[in-house]
Amino acid sequence: MESKKYASYAEIERDLEILKLEKEINYHKLVLSVQKTKQSITPQNIIGGFFSSFTEYFSHSYGQILRSVLPYAINWFINKKRGN
């Protein structure tokens, strides 16, 4: 990083004030992020997220499940009718 050349103390003070405000903003962003994380890690949100991902997985793989279970169901039904 190239060092900056200042012509007066006022320029230094201005840059220091800007850095101080940026530091404060970043601190408040961090605090807000921690608060949002705490809110998202509640038992209701964890369970809700689990069930939503579970239902989403099975809703997209419904055809695959049906294709794999259907032959066994048909064979069971046929064997039941025959008395085997």
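Computed from a prediction, not measured in an experiment: that's the story for all the values here.

Caption draft 1: Structural view of the overall build of the chain. Regarding its fold elements, the chain presents three helices and zero strands. Along its sequence from the N terminus, the chain presents helices and strands in the succession α-α-α. Evaluated residue by residue, the chain yields a buried proportion of 2% over its 84 residues. A total of about 8300 Å² of accessible surface is found on the chain, and carbon and sulfur atoms cover 63% of it.

Caption draft 2: View of the side chain of Asp15. Within the secondary structure, Asp15 is located in helix H1 (residues 9-40). By relative accessible area, which is 13% here, Asp15 ends up buried. Excluding its chain neighbours within four sequence positions, the residues that come into contact with Asp15 are Lys4 and Tyr6.

Caption draft 3: Spatial organisation of the pattern of salt bridges. For the structure on display, the rule yields two salt bridges. Here Lys4 ties to Asp15 by a salt bridge, and the two come within 3.0 Å at their closest N and O atoms. Residue Lys4 is located in the segment before H1, and its partner Asp15 is located in helix H1; the two are separated by 11 residues in the primary sequence. Salt-bridge contacts for Asp15 lead to Arg14; the nearest nitrogen and oxygen are separated by 4.0 Å. With relative accessibility at 45%, the residue Arg14 sits in the partly exposed group. Residues joined in a network through salt bridges with shared partners are Lys4, Arg14 and Asp15.

Conventions adopted
- Residues numbered from 1 in each chain as written.
- Predicted model: local features only at pLDDT ≥ 70, side-chain atom pairs only at ≥ 80, totals over all residues.
- Heavy atoms only, no water.
- Helix = DSSP H or I, 4+ residues; strand = E, 2+ residues; numbered from the N terminus.
- Buried < 20%, exposed > 50% of the residue type's maximum accessible area, 1.4 Å probe, protein only.
- Areas by Shrake-Rupley, 256 points an atom, 1.4 Å probe, with all protein chains shown as cover.
- Contact = heavy atoms within 4.5 Å.
- Salt bridge = Lys/Arg side-chain N within 4 Å of Asp/Glu carboxyl O.

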